[in-house]
Amino acid sequence: MGTELGKYKSCVSARSTNKEILKRSQDGGIVTQLFAYALEEGIIDGAIVAGPGDEPYRPRPFIATTVDELMSARGTKYNISPNVSWIKEATRSYGLDKVGIVGTPCQMQAVRKGQLYPFGWRDVDDKIALAIGIFCMENFPYQSIKQLVEDHAGVSMQSVKKMDIGKGKFWVYTERGATVQLPLKVTHKYEQPGCHVCLDYVANLADVSTGSVGSPDGWSTVFVRTKNGDDIWGKAIAAGCFETKPIDQVKPGLELVSKLANEKISKNQKTVEARATFGVNKALRNPYIKP
Ligand SMILES: Cc1cc2nc3c(=O)[nH]c(=O)nc-3n(C[C@H](O)[C@H](O)[C@H](O)COP(=O)(O)OP(=O)(O)OC[C@H]3O[C@@H](n4cnc5c(N)ncnc54)[C@H](O)[C@@H]3O)c2cc1C
Ligand code: SF4
C-alpha cells in the first residue's frame, strides 16, 4: 500500500462507546464522538458540521458549540455542504479560538490551503484545532439526490432514515423499515462533475480521517495522521471514548480501502490528463499545475 492512503501514524477500526451517538451516526460515530470529547475537554470551542437544513437531507453547515448540536449533525448527507464557508466567521462573530471542522477530502485541502496561503483569512490559520476528514468517492448536488431517492428508489425524501453508499450499491433506508438499493451505475450521471478531477479518497490532509470502508457495519476505519490528531485521539482513547480493533484483524480491512483509493485516483487522473487535449489546440485548466 502506497501514497493512495496518505501519510498516517496509525490506523484502526473503531466505534464510539456512547450508545446515543451510535443510534443515528453514519458508521462508528467517530466524528461526533471525537468532537464531543474535544468540546468537553476544551480542545475545541466549537465545530463546523453539516447540520439539518430546510429540506430533508439538505445539509446546512453551522457552528456547533454544544454536544446536542453535534448530535443533530450525525449521519451522512450525500450532497454538498459548504462547511469551509464558516471558518472565518467562527473566529470572528463566534469568537472561537479553537475551531473544529469536519469535511470531505476537498474541504480538508481547502483548510490546509487557507492555513498556508491565507488569502482573506487573516487570523484564521492558527485557530484550526481539529480537522476531521471523511472518506469520499464522489458527491452529488441536492437535486440529484432527490432524483435518485424519489424517482429511482421511489421513496419520499421525508421518509428516509439513512442513505449509504457501500458494497457497490446506493442504499436508502426508510423510517418504517424498508430498504431500497440502487446499482451504482444508476448514480454515476448525477455525480458532481468537479468530483471527477479529485485525487484524494481518504482525506489525506486531515488530523484524523474516517470512513466506513474497510470496517464491519457499525464500525469505522480511522487514520490518525498528524501529531495534533495523534495527541487528541490518544487522549480520547484513554478517556474510554472508543472501542478499537487493529485494522489487520478486521475484514475487509485496508486492502479494500487501498483498492478503492487507487481506483478513484487512477480514474480521476485520466480525467485530469484528458483536459490537456480537450479542445482543438486548447486545454482546459489543470488546478494541479501552475498556469
Ligand atoms: C459525500 C460523501 C461521500 C462519502 N463517501 C464515502 C466512501 O466512498 N467511503 C467511505 O468509507 N466513506 C464515505 N463517506 C463517509 C461516511 O459516509 C461517513 O461520513 C463517515 O464514516 C463518518 O461517519 P461517523 O459515524 O464517524 O460520523 P457521524 O458521527 O455520523 O457524523 C457525520 C459527520 O459528517 C458530517 N457530514 C455529513 N454530511 C456531510 C457532507 N455532505 N459534507 C461534509 N460533512 C458532512 C456531519 O457534519 C457530521 O458531523 C462519505 C461521506 C460523504 C459526505
Ligand atoms: S469527490 Fe473529491 S471533490 Fe468531490 S466531494 Fe468528494 S472530496 Fe470533494
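Conventions adopted
Residues numbered from 1 in each chain as written. Chains lettered and ligands numbered in written order. Predicted model: local features only at pLDDT ≥ 70, side-chain atom pairs only at ≥ 80, totals over all residues. Heavy atoms only, no water. Near = heavy atom within 4 Å. Polar contact = N/O pair within 3.5 Å; in protein donor to acceptor, adjacent residues only side chain to side chain. Areas by Shrake-Rupley, 256 points an atom, 1.4 Å probe, with all protein chains shown as cover. Helix = DSSP H or I, 4+ residues; strand = E, 2+ residues; numbered from the N terminus. Nonpolar A, V, L, I, M, F, W, Y, C, P; charged D, E, K, R; others polar. Phe/Tyr/Trp six-rings, centres within 6.5 Å; stacked < 30°, edge-to-face > 60°. Buried < 20%, exposed > 50% of the residue type's maximum accessible area, 1.4 Å probe, protein only. Core = buried A, V, L, I, M, F, W, Y, C linked by side-chain atoms within 4.5 Å. Contact = heavy atoms within 4.5 Å. Pairing = 2+ DSSP bridges. Axes fitted to C-alpha atoms, helices over the stretch in contact; angles between N-to-C directions. Parallel < 35°, antiparallel > 145°, perpendicular 65-115°, else oblique. Salt bridge = Lys/Arg side-chain N within 4 Å of Asp/Glu carboxyl O.

Caption draft 1: The arrangement of the site of ligand 1 in detail. Taken together, 31 residues lie around ligand 1, and Asp 27, Thr 32, Ala 50, Thr 76 and Ser 212 are the ones closest in. Separating an oxygen atom of ligand 1 from a side-chain N or O atom of Asp 27 is a distance of 2.6 Å. The backbone of Ile 30 places a nitrogen or oxygen atom 2.8 Å from an oxygen atom of ligand 1. Isolated, ligand 1 exposes 910 Å² of accessible area, and the fraction of that covered by the protein chains is 98%. Top contributing element to the shell around ligand 1 by residue count: helix H2 (residues 30-40), with three residues. Counted by class, the shell around ligand 1 contains 13 nonpolar, 14 polar and four charged residues.

Caption draft 2: Here's a closer look at the packing of aromatic side chains. This model, assessed by the stated rule, comprises seven aromatic pairs. Both rings, one in Trp 86 and one in Tyr 94, keep their centres 5.9 Å apart while their planes meet at 85°; by these two values the pair is edge-to-face. You can call Tyr 94 partly exposed: its relative accessible area is 40%. Arranged with centres 6.0 Å apart and planes meeting at 45°, the rings of Phe 135 and Tyr 201 form a pair that is tilted. Here Tyr 201 lies in the loop between helix H7 (184-187) and strand E9 (208-211) and Phe 135 lies in the loop between strand E5 (128-134) and helix H6 (142-152), a separation of 66 residues in the sequence.

Caption draft 3: Geometry of the nonpolar core. Core analysis: the largest hydrophobic core is formed by 30 residues, its most contacted members being Leu 34, Phe 35, Val 49 and Trp 233. Elements that contribute at least two residues to this core include exactly strand E1 (10-16), H2, strand E2 (46-52), strand E3 (59-64), E5, strand E10 (220-224) and helix H8 (227-238). For this core, the element with the highest residue contribution is H2, accounting for eight residues. Residues within four places of Phe 35 in sequence aside, it is in contact with Ile 44, Ala 47, Val 49, Leu 70, Gly 100, Ile 101, Val 102, Leu 130 and Ile 132. Formed by 17 residues, the second largest nonpolar core is a distinct cluster that contains Tyr 142, Ile 145, Val 155 and Leu 182.

Caption draft 4: View of the sheet that holds strand E11 (residues 242-246). The strand order across the open sheet formed by eight strands is E3-E2-E4-E5-E9-E10-E1-E11, and the pairing between neighbours is mixed. The sheet is open, and its two edges are formed by E3 and E11, each paired on a single side. Strand after strand, the sheet turns through a mean of 30° between neighbouring axes, direction not considered. By the bridge criterion, five bridges tie E1 to E11 in an arrangement that is antiparallel. Its bridge partner lying in E11, Val 12 is registered against Pro 246. Sheet strands in contact with H2 are E1, E2, strand E4 (99-103), E5, E9, E10 and E11, and its direction is about 170° off that of E5.

Caption draft 5: Representation of the site of ligand 2 within the structure. As a structural note, the neighbourhood of ligand 2 is formed by Thr 104, Pro 105, Cys 106, Cys 136, Met 137, Glu 138, Asn 139, Cys 195, Cys 198 and Lys 264. Looking at side-chain class alone, the shell around ligand 2 contains six nonpolar, two polar and two charged residues.

Caption draft 6: Local environment of the packing of H2 against H8. The interhelical angle for the contact between H2 and H8, taken along N-to-C directions, is 90°, at an axis separation of 10 Å. When the axes of H2 and H8 are compared, the pair comes out roughly perpendicular. Contact residues: H2 offers Ile 30, Leu 34 and Tyr 37, while H8 offers Ile 232, Trp 233, Lys 235 and Ala 236. Grouping the amino acids of the contact of H2 with H8 by side-chain chemistry returns six nonpolar, no polar and one charged.

Caption draft 7: Inspection of the pattern of salt bridges at higher detail. Tallied over the entire structure, the rule returns nine salt bridges. Two residues, Glu 55 and Lys 146, come together in a salt bridge whose shortest N-O distance is 3.8 Å. With a gap of 91 residues between them, Glu 55 in the loop between E2 and E3 and Lys 146 in helix H6 connect regions that are remote in the sequence. Here Glu 263 and Lys 259 are joined by a salt bridge, their closest N and O atoms 3.4 Å apart. Of the two residues, Glu 263 and Lys 259 both sit in helix H9 (residues 254-274), four residues apart, roughly one turn of that helix. Looking at Glu 263, the relative accessible area reads 40%, which means it is partly exposed.

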